[in-house]
Amino acid sequence: MRILFLLPLLFCSITAHAQQWAIAIHGGAGEAEWEHMDAATASAYHASLARALAAGSAVLARHGSSLDAVEASIEVLEDDPLFNAGRGSAFAADGTNEMDASLMNGATLEAGSVASVHFTRHPIALARAVMEHTPYVMMVGDGADAFSRTQRLEQQPPSFFFTEMRWQEFAGVMRGSGRPVPPRPAGVPPAPAHGGMAMLAGPRIFAHRYGTVGAVARDADGHLAAATSTGGMQGKLPGRVGDSPIIGAGTYASDHACAVSGTGVGEYFIRLTLARQVCTLVEQGNTPQQAADQMIHHELPALKGGEGGVIVLAKSGLPVWSNNTLGIFHAQQVQGAAPEVWVR
Ligand code: ASP
């Protein structure tokens, strides 16, 4: 009798575990920033990641969808100038911001993405609008900017996305590669005295090579989603598109396998269809950690110059990450446990 009474409880706890919500985010992988990071910088990144994670966790805790959760976290990171996405984006060689973003719904395999957009405050919201309000998966450039306006998404001028620290980093990349530094964007205040470097008291983000942001989530119904947003590589030629908005390269989610968001040199992720490959390896019976490590520690470096990392979340279990750089900014939370943030 007592056993019969306990059975429903046992069943509930098993199903609750199977559908335990979870979220992980990243803020880019890299080398130099890890080598030289001081305590003030580390704590600034820590606070920013914790804030973005909390936004996504809050959605999941009130039984929101994984799609809403990844979008909520990414929007916080897009607004945060510490990261190379939305405000604080890297600059193309002509001094403009060309932003890329994508997201994918693991339950339906619906996906949306945008590349080379200029004015949308939250490029991830535009990617979602492409998914939900067009028959397309991907829109680019002026057409995507025009579509954004029809969706009444918040528009901002170049000066909104501009940050002095990202510009100084960009100027260094241009000089270092023997190219001229273009004029500062319209509406931006003139360069401060001492070439701007004097303003770099506080967080040292000028050596942050891959500051792309990403999120993967599993909601209480067990559905997966993934999202990625970036300003791309500093000093890229105008029109260059990396992996972040390419479904299957920088972003992928399928309820049958896992959700993945990547960061690193996009060209290698595209050539390996890296995010999709991680999920294929999971479908073939590998654990998410084995799948991520296979791609990041074997396939990626096998292509000379292949650098980066991923966060991965499957139908059950904890989020995992893998990177072949010195570090990857990331954070995660699982239902019933405290948030965890890794900056060093
Ligand atoms: N993957 C991005 C790109 O190639 C860069 C990054 O991860 O920061 O555009």
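The structure this text deals with has already been given above.
The following refers to the structure shown. These numbers were taken from a predicted model, which means no experiment stands behind them.

1. A short note on the packing of helix H3 (residues 39-61) against helix H4 (residues 66-79)
Where H3 meets H4, the axes come as close as 8 Å, and the angle between the chain directions of the two elements is 155°. The angle between the axes of H3 and H4 places the two elements in the roughly antiparallel class. Read as a crossing pair, H3 and H4 show a hand that is right-handed. The residues of H4 that touch H3, namely those facing Ser48, Leu49, Arg51, Ala52, Leu53, Ala55, Gly56, Val59 and Leu60, are Ser66, Asp68, Ala69, Ala72, Ser73, Val76 and Leu77.

2. Quick word on the nonpolar core
Judged by nonpolar contacts, the single largest core of 45 residues is most densely connected at Ile23, Ile25, Leu49, Val114 and Val343. It is H3 that contributes the most residues to this core, eight residues altogether. Here Ile23 is in contact with Leu53, Gly56, Ser57, Leu60, Ala69, Ser73, Val216, Ala217, Pro319, Ala331, Gln332 and Gln333, once residues within four sequence places are set aside. Within the second largest apolar cluster, 37 residues are counted, among which are Ala226, Cys258, Val278 and Ile311.

3. Observations regarding the pairing of strand S8 (residues 258-264)
Across the seven residues of S8, seven count as buried, placing the element largely inside the fold. In this structure, strand S7 (residues 251-253) lies alongside S8, joined through three bridges in antiparallel fashion. Each residue of the ladder has a partner; that of Ala253, found in S8, is Ala259. A loop of four residues connects S7 with S8, the two strands running antiparallel in sequence.

4. Structural notes on the site of the ligand
The immediate surroundings of the ligand are formed by Tyr210, Gly211, Thr212, Gly232, Met233, Arg240, Gly242, Asp243, Ser244, Thr263, Gly264 and Gly266. A distance of 2.7 Å separates a nitrogen atom of the ligand from a polar atom in the backbone of Gly264. Class assignment of the residues belonging to the shell around the ligand gives a composition of two nonpolar, eight polar and two charged.

5. A closer look at H3
The end-to-end C-alpha distance of H3 is 32 Å, a good match for the 33 Å that 23 residues give at a rise of 1.5 Å each. Listed in full, the buried residues belonging to H3 are Thr41, Ala42, Ala44, Tyr45, Ser48, Leu49, Ala52, Leu53, Gly56, Ser57, Val59 and Leu60. Looking at the buried positions of H3, the neighbouring elements they touch are strand S1 (22-30), H4, strand S5 (213-218), strand S11 (327-334) and strand S12 (340-342).

6. Quick look at the pattern of salt bridges
Counted according to the given criterion, the structure contains ten salt bridges. Across the pair Arg128 and Asp68 runs a salt bridge, and its minimum N-O distance is 2.7 Å. Here Asp68 lies in helix H4 and Arg128 lies in helix H5 (residues 123-133), a separation of 60 residues in the sequence. On the basis of relative accessible area, Arg128 is assigned to the buried category, the value being 13%. Its salt-bridge partner being Glu283, residue Arg276 comes within 3.7 Å of it at the nearest N-O pair. Residue class for Glu283 comes out partly exposed when judged on its relative accessible area of 40%. In this structure, a network of salt bridges that share partners links the residues Asp68, Glu71, Arg128 and Glu132.

7. Examining the pairing of S5
With six of six residues buried, S5 is to be regarded as a mostly interior element. Burial along S5 is two-sided: Val213, Ala215 and Ala217 and Gly214, Val216 and Arg218, pointing in opposite directions, are all buried. Sheet topology note: the S5/strand S6 (residues 224-230) ladder contains six bridges and is antiparallel. Bridge pairing links Gly214 to Thr228 in S6.

What counts, and where the lines are drawn
Residues numbered from 1 in each chain as written. Predicted model: local features only at pLDDT ≥ 70, side-chain atom pairs only at ≥ 80, totals over all residues. Heavy atoms only, no water. Axes fitted to C-alpha atoms, helices over the stretch in contact; angles between N-to-C directions. Helix = DSSP H or I, 4+ residues; strand = E, 2+ residues; numbered from the N terminus. Parallel < 35°, antiparallel > 145°, perpendicular 65-115°, else oblique. Left-handed = near helix turned anticlockwise from the far one by under 90°. Contact = heavy atoms within 4.5 Å. Core = buried A, V, L, I, M, F, W, Y, C linked by side-chain atoms within 4.5 Å. Buried < 20%, exposed > 50% of the residue type's maximum accessible area, 1.4 Å probe, protein only. Pairing = 2+ DSSP bridges. Near = heavy atom within 4 Å. Polar contact = N/O pair within 3.5 Å; in protein donor to acceptor, adjacent residues only side chain to side chain. Nonpolar A, V, L, I, M, F, W, Y, C, P; charged D, E, K, R; others polar. Expected span 1.5 Å × (residues − 1). Salt bridge = Lys/Arg side-chain N within 4 Å of Asp/Glu carboxyl O.

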